[in-house]
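Below, each chain spelled out in residue letters.
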Amino acid sequence: MALSLKPHTRHLPYSSCAKTAHPSSSNAGNAAFPPIPSSLSVLSSAATRLVAAKSALTRASRIPFVVRASSSSSAAAIAEPEGIKINSVPTKPIEGQKTGTSGLRKKVKVFMQENYLANWIQALFDSLPPEDYKNAVLVLGGDGRYFNREAAQIIIKIAAGNGVGKILVGQDGIMSTPAVSAVIRKRKANGGFIMSASHNPGGPECDWGIKFNYNSGQPAPESITDKIYGNTLSISEIKMADIPDVDLSRLGTMKFGNFSVEVVDPVSDYLELMENVFDFQLIKTLLSRPDFRFIFDAMHAVTGAYAKPIFVDKLGASLDSILNGVPLEDFGHGHPDPNLTYAEDLVDIMYGENAPDFGAASDGDGDRNMILGQGFFVTPSDSVAIIAAYAQQSIPYFRSGPKGLARSMPTSGALDRVAQKLNLPFFEVPTGWKFFGNLMDAGKLSICGEESFGTGSDHIREKDGIWAVLAWLSILAYWNKDKKPGEQLVSVSDIAKEHWATYGRNFFSRYDYEECESEGANKMVQYLRDLISKSKKGEKYGDYVLQFADDFTYTDPVDGSVVSKQGVRFVFMDGSRIIYRLSGTGSAGATVRIYIEQFESDASKHDVDAQIALKPLIDLALSISKLKEFTGREKPTVIT
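Conventions and cut-offs
- Residues numbered from 1 in each chain as written.
- Predicted model: local features only at pLDDT ≥ 70, side-chain atom pairs only at ≥ 80, totals over all residues.
- Heavy atoms only, no water.
- Pairing = 2+ DSSP bridges.
- Helix = DSSP H or I, 4+ residues; strand = E, 2+ residues; numbered from the N terminus.
- Contact = heavy atoms within 4.5 Å.
- Axes fitted to C-alpha atoms, helices over the stretch in contact; angles between N-to-C directions.
- pLDDT = per-residue confidence, 0-100.
- Phe/Tyr/Trp six-rings, centres within 6.5 Å; stacked < 30°, edge-to-face > 60°.
- Buried < 20%, exposed > 50% of the residue type's maximum accessible area, 1.4 Å probe, protein only.
- Core = buried A, V, L, I, M, F, W, Y, C linked by side-chain atoms within 4.5 Å.
- Parallel < 35°, antiparallel > 145°, perpendicular 65-115°, else oblique.
- Left-handed = near helix turned anticlockwise from the far one by under 90°.
- Nonpolar A, V, L, I, M, F, W, Y, C, P; charged D, E, K, R; others polar.

1. A look at the sheet that holds strand 16 (residues 369-373)
Logical step 1: In spatial order, the strands read 14-13-15-16-17; together these 5 strands make up an open sheet with mixed pairing. The sheet terminates laterally at strand 14 (322-323) and strand 17 (376-378), the two strands that pair on one side only.
Logical step 2: Pairing analysis gives 4 bridges linking strand 15 (residues 358-362) to strand 16, with the strands arranged antiparallel. Bridged to G359 within strand 16 is L372.
Logical step 3: Seen against the sheet, helix 13 (residues 465-480) touches strand 13 (294-297), strand 15, strand 16 and strand 17 and runs at an angle of roughly 165 degrees to strand 15.

Written out as structure tokens, the structure reads:
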């Protein structure tokens with residue numbers, strides 16, 4: 001019996017950002033919401049995969065954006081190395097530029113304030129050792145969202161002003177987060193900028209973000225992000241090169257004295273890496289079968305630029321297997337978060353009649369994924385565990401076996417059981433991909449994942465949506481390689497249920513309450529911290545007996561660094577867990593996340609719907625937290 005989660009796990013979005021009526025030619029003059037172009041078309045030629053589409057909104061009609069002197073004094077030339085004039089632009093500190101685990105995210109209108117973006121970029125250079133950027137190569141890419149084109153020009157000019165030698169930028173400013181990490185590593189760059197607010201909505205009224213990845217392709221560590229924030233509080237000047245805007249639509253190199261900008265194909269290096277990781281011929285054999293159907297939802301986000309070259313051109317999938325495949329600046333007026341709520345088009349198809357055999361989706365910047373079978377949802381916690389269990393047999397990159405496995409603390413314990421059975425080192429880290437990077441660089445970790453739809457391996461230093469899809473296709477291809485035409489294929493649900501029969505099932509669910517008032521959310525967390533400080537082993541919470549309660553603290557086994565207050569945990573004697581966290585991935589208010597997990601070894605109970613199996617624990621979680629009292633929320637925004 002397939003598990004149908006659709007009826008009670010999808011709720012209307014609480015956020016108002018993506019609800020505004022999409023502009024059309026009839027309101028093209030609406031200054032409050034300027035028309036957004038169909039900004040990118042995906043073509044098969046490597047040299048022209050990304051081109052600017054015709055649009056009512058030309059560059060000249062977009063909102064002007066410049067870096068201005070923030071005081072009565074004007075910008076002054078401070079140097080002219082190799083013919084480049086470098087201006088010192090006076091500026092003042094701007095509040096609210098503290099960088100989180102996924103960079104700096106705010107509303108577009110905040111970033112468009114005078115010098116807001118420029119201050120942060122300059123503060124970054126002021127935070128790095130000179131040898132990390134002087135005459136160095138840096139990568140620049142983004143998810144194609146609104147404001148990226150303007151931001152790219154500002155970043156390029158400030159990079160030149162600070163002595164960077166070369167910028168490698170994706171054509172039209174496009175490059176997925178995983179691809180940026182791949183390019184940094186392949187080209188031996190010193191780091192890279194990623195223009196994205198990840199899975200958050202895009203458009204003039206919505207979100208924008210920026211983050212910096214270091215020389216192994218990993219997100220900048222807290223030691224750097226803390227310095228950036230400190231420098232934003234004291235910044236007084238922006239060093240900006242007086243060079244013209246770079247035409248990002250044309251591949252090739254432009255030189256400005258001793259500084260150069262190379263516009264590169266954003267797909268080629270990443271595609272080459274995927275071909276080295278996976279057996280493309282094995283996957284192609286599966287996708288070419290007449291009895292196997294596949295669909296990938298790019299959600300009008302950055303993976304639309306990668307889907308056709310990889311799935312269609314290289315692996316032989318039909319063109320109509322790509323859904324929402326044209327990247328748009330507002331993601332087609334959608335919310336590019338691949339879950340059961342926001343990937344509505346894909347969910348409707350996979351839970352409908354005559355559904356494809358395998359469905360997948362990725363998010364705004366291409367680092368998250370969702371995996372579906374026919375009427376069957378694979379939780380991210382189960383997905384990473386299944387990939388780890390079958391990686392050695394089905395993925396050439398892991399032929400010698402994984403070095404180790406790791407998950408974020410809120411992610412279910414399914415991966416722990418795989419590590420135990422395979423006798424592999426296992427690590428539990430805080431939420432945030434950067435915590436996996438140290439373990440990978442030390443050779444301790446191969447495959448890892450987060451319950452927030454992030455899965456990946458040490459082929460790069462970011463989670464990777466398309467990698468996860470290719471991993472699942474590899475597993476399906478491996479299990480079906482000897483199936484003759486007409487024979488019943490091994491399905492997604494078959495693989496998941498076989499995994500549960502072997503390892504047991506970790507029932508898992510996450511309740512998200514988006515854009516809560518920060519004051520109430522923080523009071524709730526403080527209440528929970530007070531509660532755990534008084535808790536004792538053996539206390540009863542309904543039918544559950546407490547083993548321990550704490551606020552998760554992590555000591556990095558590589559460098560000894562310690563991070564605390566990473567999530568309030570109630571862990572019970574039977575292994576059940578309730579976890580509470582405030583998420584920092586949004587741009588407004590606070591997102592309260594509640595994680596509920598319970599292990600079941602009895603195979604006869606594995607087909608029970610997760611929401612039914614977990615209902616007593618869910619009720620307990622809501623009761624313990626007094627969430628309604630603190631936040632006023634009756635229902636979650638999203639359930640996964």
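2. Side note on the confidence of the model for the chain
Logical step 1: Summarising the model, the chain shows a mean pLDDT of 89, and 87% of its residues fall at 70 or more.
Logical step 2: Confidence over residues 19-61 falls short of pLDDT 50; this stretch has 82 contacts with residues more than four positions distant or in other chains.

3. Regarding the packing of aromatic side chains
Logical step 1: Scanning the model with the defined rule gives 24 aromatic pairs in all.
Logical step 2: Consider the rings of F278 and W467, whose centres lie 6.3 Å apart with planes at 50 degrees: the pair is tilted. Taken as a pair, F278 in the loop between helix 6 (268-277) and helix 7 (280-287) and W467 in helix 13 lie far apart in primary sequence, 189 residues in all. Here F278 matches W467 in class, with each residue buried.
Logical step 3: Three or more aromatic residues joined by ring pairs make a cluster, and in this case those are F125, Y133, F193, F212 and Y214.

4. Details of the environment of P557
Logical step 1: Tracing the backbone shows P557 in the loop between strand 25 (554-555) and strand 26 (562-563).
Logical step 2: Its relative accessible area of 44% is what places P557 among the partly exposed residues.
Logical step 3: Residues P557 and A442, spaced 115 residues apart in sequence, show a C-alpha to C-alpha distance of 9.8 Å.
Logical step 4: Dropping the residues within four chain positions of it, P557 is found in contact with F427 and L439.

5. So, the nonpolar core
Logical step 1: Counting residues in each nonpolar core, the largest one holds 77 residues, and the members touching the most others are F311, F358, L470 and L473.
Logical step 2: For this core, the element with the highest residue contribution is helix 13, accounting for 11 residues.
Logical step 3: With residues up to four places along the chain from it excluded, the contact list for L473 reads I283, L286, L287, F292, F294, F311 and F358.
Logical step 4: Grouped together as the second largest cluster of nonpolar side chains are 53 residues, L128, I155, A159 and V261 included.

6. Quick notes on the environment of C17
Logical step 1: Tracing the chain through its elements places C17 in the segment before strand 1 (40-42).
Logical step 2: Residues C17 and H335, 318 residues apart in the sequence, show an inter-C-alpha distance of 9.0 Å.
Logical step 3: Each residue touching C17, except ones within four places of it in the same chain, is listed here: K107, P201, E205 and C206.

7. As for the packing of helix 6 against helix 13
Logical step 1: Interaxial distance between helix 6 and helix 13 falls to 11 Å at its minimum, and their mutual angle equals 30 degrees. As judged from the angle between their axes, helix 6 and helix 13 are roughly parallel. Both helix 6 and helix 13 take part in a crossing whose hand is right-handed. Of the residues in helix 13, those in contact with Y270, M274 and V277 of helix 6 are I466, W467 and L470.
Logical step 2: A breakdown of the residues in the contact of helix 6 with helix 13 according to their chemical character gives 6 nonpolar, no polar and no charged.

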